[in-house]
Amino acid sequence: EKFLLSRLHQKIFATDPVDQAEDIILRERFASLSWVSFEHLGMPPVEPSLLTLAVQELRRVDGFKAPRDKLVCILNSIRVINDVLKMTLEESGASGRPLSADDFLPL
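Residues numbered from 1 in each chain as written. Predicted model: local features only at pLDDT ≥ 70, side-chain atom pairs only at ≥ 80, totals over all residues. Heavy atoms only, no water.

It is the contact of helix α3 (residues 52–60) with helix α4 (residues 67–91), at a shortest axis distance of 8 Å, that shows an interaxial angle of 170°. On the basis of the axis angle, α3 is roughly antiparallel to α4. Here L53, A54, E57, L58 and R60 of α3 lie close against α4, whose contacting residues are C73, I74, N76, S77, V80 and I81. (Axes fitted to C-alpha atoms, helices over the stretch in contact; angles between N-to-C directions. Helix = DSSP H or I, 4+ residues; strand = E, 2+ residues; numbered from the N terminus. Parallel < 35°, antiparallel > 145°, perpendicular 65-115°, else oblique. Contact = heavy atoms within 4.5 Å.)

Below is the structure:
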């Protein structure tokens, strides 16, 4: 799988100028949401510097061509976020309860 995708990546995932324009619009939209904080999402406050490793892992995804390698980056990021949430819950005094899906992805 890795060998095939490394050879065929350029043909399968060729970038179209329309895609690049949509990417720019999406980046601008994300930038416009920079005011959203953890409190807005119903999450306890988290020190943003603790999440830098998770952000770095997510940025590495584009550097890989094989799906398995991309998933490894995503899983590493999830582990970091999970650990940060555990620390935050322990600091807030809720150390007795386990993490739930609502802690990881509040709706």
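On the surface, L58, L71, I74, L75, I78, F104 and L105 cluster together into a nonpolar patch covering about 600 Å² of accessible area. Considering each element in turn, the nonpolar patch owes the most residues, 4 residues, to α4. Take I78: it is sitting in helix α4. (Patch = residues over 30% accessible without salt bridge, like charges linked within 9 Å, V, L, I, M, F, W, Y side chains within 5 Å. Areas by Shrake-Rupley, 256 points an atom, 1.4 Å probe, with all protein chains shown as cover. Salt bridge = Lys/Arg side-chain N within 4 Å of Asp/Glu carboxyl O.)

With 94% of its residues at a pLDDT of 70 or more, the chain shows a mean pLDDT of 83. Of all secondary-structure elements in the chain, the lowest mean pLDDT belongs to helix α5 (residues 101–104), at 72, while α3 reaches the highest, 92. (pLDDT = per-residue confidence, 0-100.)

What follows covers the pattern of salt bridges. Evaluated as defined, the whole model comprises 2 salt bridges. K2 is paired through a salt bridge with D69; the nearest N and O atoms lie 3.2 Å apart. Of this pair, K2 sits in helix α1 (residues 2–12) while D69 is found in helix α4, placing the two residues 67 residues apart along the sequence. We classify K2 as exposed; its relative accessible area is 52%. One salt bridge in this structure joins R60 and E57, with 2.9 Å as the shortest N-O distance. In this pair, R60 and E57 are both assigned in helix α3, 3 residues apart and thus about one turn of the helix distant. (Buried < 20%, exposed > 50% of the residue type's maximum accessible area, 1.4 Å probe, protein only.)

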